Structure formats: structure tokens, C-alpha cells
Amino acid sequence: MAENNNTSNSNGSTTPNLTSGTSTPPHQKPHLTTGLRTSSSGLLMDKRRQDEEKLSAEQAAMGKKSPTKLFSAYSLNDLSNPPTDEELKNYKDLPASSLPPIHKREKLRRVFVNRDIKLDRIEFFGFDMDYTLAVYNSPDFEELAYDMVLDKLIEIGYPKSIRKLKYDPHFPTRGLFLDRELGNLLKIDSFGNIIICVHGRTTLSKNRTSEFYPSMRVSSDEIGRNRFYLLNTLFTLPEACLYADLVDHLERESGLRLTEEVADEQQQMNSPPLSSLGSESSKTDENNHQPDGDLSFSNLFQDVRTACDLVHNDGSLKTRVLDDLPRYIRKTPDMPVFFDRLRQNKNKVFLLTNSEFYYTNKVMSYMMNGYNPNYQSWRDYFDVIIVGADKPRFFSEGTTIREVDTETGNLRITNVKDRFEQGKVYHGGSLSLFQKLTGAKGSRVLYIGDHIFADIIKSKKTHGWRNLLVVPELQHELEVMNQQKDTTIHLMNLEFIRAEIYRGLDSESTTPPDIEVLHQHLKNTNDKLNFAYNKYFGSLFKNGSKSTFFSMQVQRYADLYTSDYLNLLNYPLFYHFCANSLPLPHESSSFSSFDTSN
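The residue count restarts for each chain, going from 1 along the sequence in the order it is written. With pLDDT at 70 or above as the cut-off, local features in this predicted model cover only qualifying residues; side-chain atom pairs require 80 or more to be listed or tallied, and sums for whole chains, interfaces and linings still use all residues. Excluded from the side-chain calculation are hydrogens and water; included are all heavy atoms of the structure.

Burial classes follow relative accessibility: with a 1.4 Å probe on protein chains only, a residue under 20% of its type's maximum area counts as buried, one over 50% as exposed, and anything between as partly exposed. Working definition: helices are DSSP H or I runs of at least four residues, strands are E runs of at least two. Numbering for both runs from the N terminus. Of the two faces of strand β14 (residues 384-387), the one holding Val384 and Ile386 and the one holding Ile385 and Val387 are both buried throughout. Two strands are said to pair when DSSP picks up at least two bridges between them. Alignment of strand β13 (residues 348-352) against β14, held across three bridges, turns out to be parallel. Residue pairing for β14: Leu352 is matched across the bridge by Ile386. Regarding the hand of the β-α-β motif, the stretch spanning β13, helix α13 (residues 357-368) and β14 is right-handed. Whether a crossover is right-handed depends on one test, that the path from the first strand over the helix to the second runs clockwise when the strands point away from the viewer.

Given below as C-alpha cells:
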């Protein structure tokens, strides 16, 4: 994964605008203030030099010898910030081994980069709401959704014994494929090879997995068809956990027999609605007998999928959330500060969400109202507000656009005029109309969302919007990476040992070395590393040296990605995000020799 490695702010500082004249204890987060500040000039290396002097003083106080400065004798010290043309023409390059480390922000606060973006060329900043602006508190929100779907399934006739099932936040992860025919959850790599197969809560061995999937892969043709369902949104985490729990429970403790009987796509579409299933006795008689008979994995999936849609679409889940907003949704004063800075920077800001107005209004009011007297309502932070957008359909044919009566929540019957008006709210529409009324096109737009398909892939492939993908799980991934440094270093040592074993061997060699013991150590170390991320599925992005399917999508379609959109507060709004140039294997072996010191 590429990450940003160039700093555009002139004083080298990465700290957001802080309250002046106060010192913040290291264990507390600095308090952000509204407004923007100008950059200061100076020498390029001043901030780095100050950091080194501070480190030297600390080490001297502890009786340690100060490190030798790597660049004190070189002209790098004399460059202005930013350097002049004359300085750069006469600049003497340092040897590659003597260059100081490139400055990077703290990983947990960083925005990572796949493709270059210059923020000063972005005119429009667009935002999704759910899981982007509105960060749902985990695992409380997932537990609520899980339990409500369970209740729906019991209503239609599933055994009441499933009520004892509980959401496990340590089990599901995004990017899994659910096999509707066999009831398995699959983790696959970027080439479609099956890495992990879990049936219920049991991880299957490679031999057992190969019995189900002889080629040990899922082809790209199969991914687009009805058999494999991609669990690629945060809303699908309770769904993945519930499906696995039901498979495990029904196979062990129920009279229902799960089978591989398959309904084709047309039959699935023609199935009766979930509300028509079950009987009156199953809804009213607490002592009715438990169901028995056959139930296909495919039908189980359909029931779970439909029940999930019901609790999301009938308003019941949202009502529970609105009844206790502090429990289910994060609230931070940094949010209005960030949007105030966008407004002061003269950027156009729009909200594009699939949620209906009544829900959007209450959630956004909770998160943004009352912080800044210059904004009477959360709507004042936005130039355009579109609810009920029906993404990804919004990015293709779209729907009819209507203005929302913000007093009643009803849709007005009159046509939308030739422009969007600030403070008003609109429902539906399409990207073509949005572009026509705003002039927001292509690389002038940065859209920020969490849905890899509806927010990122569709907007990028069809209209070339720049994007930032929010991946909340990234925080956990980075924390584990830091905790498992020793394991990672040990793995690198084992890989080095394996390479050394084959040193000097060529086609003349006839006896292969016995590296079975080494392979077992490699496997054990990889397993330990994967277990630290998730004991069932490992890292969201990797499995050993293999990138996952989710990782491939992030690399291919996301221009920027981060754990929280508020990490943008750590960058000036003229920042140039630069992607690392990823060398091919033959290039990386050459870069190590780029040193003129000898």
C-alpha cells in the first residue's frame, strides 16, 4: 500500500491549528479551534534540527551519547523553506544512505495515498453520512442490528433457540465472500485464490476446502454471478456473523437439516416475501414445536439478507438508534471545526447520502449543531444536501429529484429550479443533473465515503471523481502492526534464511534442500501474525505476503484512504498528496545500489 511521503506545509509542522498560549498534556488530545492560519518561512531543516536537538538533550539527560548528525556538513542545511531556484541548481545531492528519513505523520492520524491529489485543485468536497460522517459505535450498533434480525427470523418460523445467539465483534471482517450454495465464508486473495474457508465457526483445512473447491479459487466470472455474495460494507458485519452462527447452530442443535439444494437467480427473485413465511402459531404460541425438515444454505442466506434489509428499510433499526444517539453514534467537536475550515477556504461542500431526511436531520443535528454560533443549523455547513440518493443508482440513471419540505419531511411536487439553493434539502436525483446544476466534474471533486462499491468504484469509473475511502478497521490494523513488530522481524529473518539456502544453486543442482522444518516455522509465524489481527480471518489487507481481494480493490480504486475522514485536519488544504512509486521486482533490486558514497 502506498502512503504519503511529501510535506507541503512550509514550516514542516503537522499540528492542526491549536489554541495558542497553552500547553497540552501528552495524554490529552489538543483542542482544535476554528479558522485557518498562514504558513511561516525559514530554513528547510529548522524543524528537523529542533527535533534532533530535543532528542539529543533528552538522551544527554539520561546519560546516553548523542547520535552523530547525518547532514550537518551538507548544503541541505542551507536550503530555504521552500528552496529558491538558485539554491536547487547549486544543491549538492547527499548519498542515498545519508539522506534523513522522509517526514511522515503519525500512522494513526495519516491519510494514505495510492494516487496523487493536490487539495488546492479540489473545488468540491462531498461526503457520505453513514459510517463516514456518522461513525457508529462498535460493537453496540452491530449488536443491535444482529439482535433485531434474529427477532425477524423468529417471527417467520425459525426456532426460538436461536435467540441465545450473540454478536461476536471478533469474528466477522469485511471483504469476505459468502458461498450461497455451500454456506461457507471465504477469504480470497487479489487473484481469486482461496486463502481461508470457514463453515459456521469452523475453519476448514486446505484438504477439506479443496474437496469443496477443487481449483482452490473463485474465478472473476463467478464473483459477478449469483453464487458468491461479497460482504464489503460495514453494515454487513452483523449479517456475516449471524449467517455463520445460524449455520453452526442449525447443524448442531436443530431439527432443520441444511442442504446444498440451490435455487437459481430467477427463482430467488420470484420467492415469496419474508413477511408471508411462517405461520400464525409461530408468532403467537410460545410453546409451539420446533421446525424440522430441509433448509438449503441458499434459502437461509435469502432469509437473513431479506431480514437485514427489513430492519434497515422499515425504520425500526433507525428508530432504536435515534432513541439513544450517544450510545450508537460518535460525537466530536472536531467535526464542525473541519467543516468550518472548508467553508473558510472557499470550498464547495455537499452531502450525498442514501438515508432519508428524517434520519439524516436528527443525526446531523446531534453531531454538528450548537458548536459554532456562525452556523445556526448543520445545513449551513453545506452548499448542497441530497438525501435518499439511492447510490450506486445515483451515479447511473438516477431517480426523480424532489425538494424536501424540511418542516414536514414530505417531498414537494414542484420541479427543482436551475440550481441548488443552500439550506434546502433535496431527495434523489442523478449525477448528470448534479453536475449540470453545480458544475462539479471529474478531478475537481473529492468524494469521501466508506462503501467501496457505491461510494468509490461507481463514482470513479463512471465520472472520474477523486475519492477518499474511509476504512475504520485501519486503526486496528496499524495497532496490531505496531504490537507485532517482533513477529514481523522474525518472519523477515526466516524469509532471509530461506533465500540463503538456495544461494549458489542452479540447474546443475540435483538434490533439493530439506526445508520442511523451515516451512513449519514460517507457517507458525504467519499464523501467529494472522491470529493477532483476527483469529478466524487474519488481516483485512494481507495474508502473509498475499494481498486480499479487499486490498486489491482499495489499491485499484481508492485514490486516498484513511481510518477517519477527520485525519484530513492534519493536513493544510493546499497539501499535495504524493503516492510512493511502487517498483517492480527488478527495479527494487536496483534501487539498493543507488548510492554514490563509494
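Now that the structure has been shown, we can carry on.
UniProt positions are given in the numbering used here, feature names are shortened, and annotations may be inferred rather than shown by experiment. Using the residue numbers shown here, the UniProt feature "binding site: Mg(2+)" (unreviewed entry) corresponds to Asp128 and Asp450. Spatial clustering of the annotated residues is evident: they stretch over 323 residues in sequence, but the largest pairwise C-alpha distance comes to 7.6 Å. Counting through the fold element by element, Asp128 comes out in the loop between β5 (124-127) and α3 (140-155). Should any heavy atoms of two residues lie within 4.5 Å, those residues are considered in contact. Residues contacting Asp128, with those up to four places away along its chain left out, are Leu133, Leu351, Leu352, Thr353, Lys391, Tyr447, Ile448, Gly449, Asp450 and Asp455. A polar side-chain atom of Asp128 sits 3.0 Å from a polar atom in the side chain of Lys391. For this analysis, a polar contact is any N or O atom pair within 3.5 Å, provided that within protein one partner can donate a hydrogen and the other can accept it, and provided that sequence-adjacent residues contribute only side-chain to side-chain pairs.

Quick look at the confidence of the model for the chain now. Regions with low pLDDT should not have their predicted coordinates read in detail. Note: pLDDT gives the predictor's confidence per residue, expressed from 0 to 100. Looking at the chain as a whole, its pLDDT mean stands at 85, while 84% of the residues score no less than 70. Of the regions scoring below 50 in pLDDT, residues 67-74 engages in 15 contacts with residues more than four places distant in sequence or in other chains.

Pairing is mixed in the open sheet, where nine strands are placed in the order β3-β21-β18-β17-β5-β13-β14-β16-β15. The outermost strands of the open sheet, each flanked by one partner alone, are β3 (112-113) and β15 (402-404).

Turning to the sheet that holds strand β6 (residues 176-179), a few remarks are in order. The strand order across the open sheet formed by five strands is β9-β8-β7-β6-β10, and the pairing between neighbours is antiparallel. Looking along the sheet, the strands with just one partner apiece sit at the ends: β9 (202-203) and β10 (228-231). Here strand β7 (residues 184-188) runs beside strand β8 (residues 194-199); their pairing, made up of five bridges, is antiparallel. Counterpart to Leu185 in the pairing with β8 is Val198. Helix α6 (residues 237-253) rests against β6, β7, β8, β9 and β10 of the sheet, and its axis sits at about 130° to β10. To obtain an axis, a line is fitted to C-alpha atoms, over the contacting stretch when the element is a helix, and the angle between two such axes runs from 0 to 180 degrees between their N-to-C directions.

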